[in-house]
Amino acid sequence: MSTTSNVNNNGSNAAGSTASSLIGGNGSVTDLFTTLLVAQIKNQDPLSPQDPSQMVSQLTQLSQMESLQGLASQASTTSGLLSSLQVLTLGGQVGSTVQVQASQIHVDDAKVQTHFTLPGNADKVQLVLTDSKGVERRVDLGSLGVGANGYTLDPAQLGLASGDYQLRVETGAGLKLPVEVSASITGVRLTGNGSAVVQLGSLGEFDPAAITQFKGHLAS
């Protein structure tokens, strides 16, 4: 019994040592499993050989692991290609006007075209701007009808200081709605993680997923 135990322990130690070595050397899963399997056969107790069903189970696990590795590799490659394609596509749109959903924009002295959609007729509609200090400025828009509505935000007329503002629309009934802005794409920038952001002039940078409409190039 003692001899059998030592043989099995030696086999486990040898397999573990080999696994660590291969993993550290960035060996493939196939090489790792093959080496472990050979080590297991060589070091098993001749009087109590390894159950064949366990080897079949291990081979099945190997096949599944290789399949998952292959899928992960393909997904990574596909993601990289899609990111490159997105950058090229957006780069071709520089100069065109888009409409984006914007929870925050940078305001300077330029006018900003805002858009929002009301689910029904509403009274006392307000455009709410909140600065970086949490101070709110409410712009009364009056009573508006159901559907798409727009408002031209003129910072100079409203006396707004330059800076970043969060914005939303509120109705007299307390309904809060998101706001969209339209502007020209002035550039496309790659971030550190490989994704892209679109630059909309002085309004700031936005995720391409925030784009709701492409309106084309302005007529010269």
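Residues numbered from 1 in each chain as written. Predicted model: local features only at pLDDT ≥ 70, side-chain atom pairs only at ≥ 80, totals over all residues. Heavy atoms only, no water.

Attention shifts here to the overall build of the protein. Along the protein, the regular secondary structure elements total four helices and 13 strands. Across the 220 residues in the protein, those meeting the buried criterion constitute 29%. Entry remark: accessible area of the protein is about 13300 Å², with carbon and sulfur atoms responsible for 53%. (Helix = DSSP H or I, 4+ residues; strand = E, 2+ residues; numbered from the N terminus. Buried < 20%, exposed > 50% of the residue type's maximum accessible area, 1.4 Å probe, protein only. Areas by Shrake-Rupley, 256 points an atom, 1.4 Å probe, with all protein chains shown as cover.)

Here we come to the pairing of strand 5 (residues 136–144). In this sheet, strand 5 lies alongside strand 4 (residues 122–130) in antiparallel orientation, the contact comprising seven bridges. Bridge pairing in strand 5 links Leu 127 to Val 139. Following strand 4, the chain reverses through five residues before pairing antiparallel with strand 5; Gly 134 in that reversal takes a positive phi of roughly 90°. (Pairing = 2+ DSSP bridges.)

Let us look at the sheet that holds strand 10 (residues 187–190). The strands that make up a sheet are held in pairs by hydrogen bonds between backbone atoms, and each pair lies either parallel or antiparallel. The three strands lie next to each other as 10-11-12, forming an open sheet whose pairing is antiparallel. Where the open sheet ends on each side, the last strands, each with one partner, are strand 10 and strand 12 (205–206).

To continue, consider the nonpolar core. In terms of nonpolar packing, the biggest core is built from 32 residues, with Val 100, Ile 105, Leu 127, Leu 153, Leu 200, Leu 203 and Phe 206 touching the most fellow members. Those elements that provide at least two residues to this core are strand 1 (96–101), strand 2 (104–107), strand 3 (112–118), strand 4, strand 5, strand 6 (147–153), strand 7 (163–170) and strand 9 (180–184). Among the elements that take part in this core, strand 4 stands out by supplying four residues, more than any other. (Core = buried A, V, L, I, M, F, W, Y, C linked by side-chain atoms within 4.5 Å.)

Before going further, it helps to spend a moment on unusual backbone geometry. Positive phi, normally seen in glycine, also occurs at Lys 124, with a value near 50°. Secondary-structure assignment places Lys 124 in strand 4. Lys 124 gets classed as exposed once you look at its relative accessible area, which sits at 65%.

Moving on, we come to the environment of Ala 110. Among the structural elements, Ala 110 can be located in the loop between strand 2 and strand 3. When its relative accessible area of 34% is taken as the criterion, Ala 110 is described as partly exposed. Considered as a pair, Ala 110 and Asp 154 are 44 residues apart in the sequence and their alpha carbons are 7.0 Å apart. Contacts of Ala 110, omitting those with residues within four sequence positions, involve Leu 153 and Pro 155. (Contact = heavy atoms within 4.5 Å.)

It is worth spelling out the pattern of salt bridges at this point. For the structure shown, the criterion picks out five salt bridges. One salt bridge connects Arg 138 with Glu 170, and the closest N-O pair in it is separated by 3.2 Å. One end of the pair, Arg 138, is in strand 5; the other, Glu 170, is in strand 7, with 32 residues separating them in the sequence. Relative accessible area serves as the criterion here: at 11%, Glu 170 is assigned to the buried category. Via salt bridges that share partners, Glu 136, Arg 138, Arg 168 and Glu 170 belong to a single interconnected network. (Salt bridge = Lys/Arg side-chain N within 4 Å of Asp/Glu carboxyl O.)

As a further point, take the confidence of the model for the protein. This prediction gives the protein a mean pLDDT of 78; 64% of its residues lie at or above 70. A low-confidence stretch, residues 1–26 stays under pLDDT 50, and its non-local contacts, those more than four residues away or across chains, total 16 contacts. (pLDDT = per-residue confidence, 0-100.)

Before going further, it helps to examine the side chain of Glu 180. Within the secondary structure, Glu 180 sits in strand 9. Summary of buried charges: Glu 180 has no salt-bridge partner, and the nearest side chain of opposite charge, Lys 215, is 7.3 Å away. Within the structure, Glu 180 has its side chain in polar contact with the side chain of Thr 212 (distance 3.1 Å). When sequence neighbours within four positions are dropped, the list of residues in contact with Glu 180 reads Gln 99, Val 100, Gln 101, Ala 102, Gln 113, Thr 114, His 115 and Thr 212. (Lys, Arg positive; Asp, Glu negative; His and termini not counted. Polar contact = N/O pair within 3.5 Å; in protein donor to acceptor, adjacent residues only side chain to side chain.)

In this section: the environment of Leu 141. Secondary-structure assignment places Leu 141 in strand 5. Each C-alpha atom of the pair Leu 141 and Tyr 151 lies 8.1 Å from the other, and the pair is 10 residues apart in sequence. In this structure Leu 141 touches Phe 116, Val 125, Gln 126, Leu 127 and Tyr 151, once residues within four positions along its chain are discounted.

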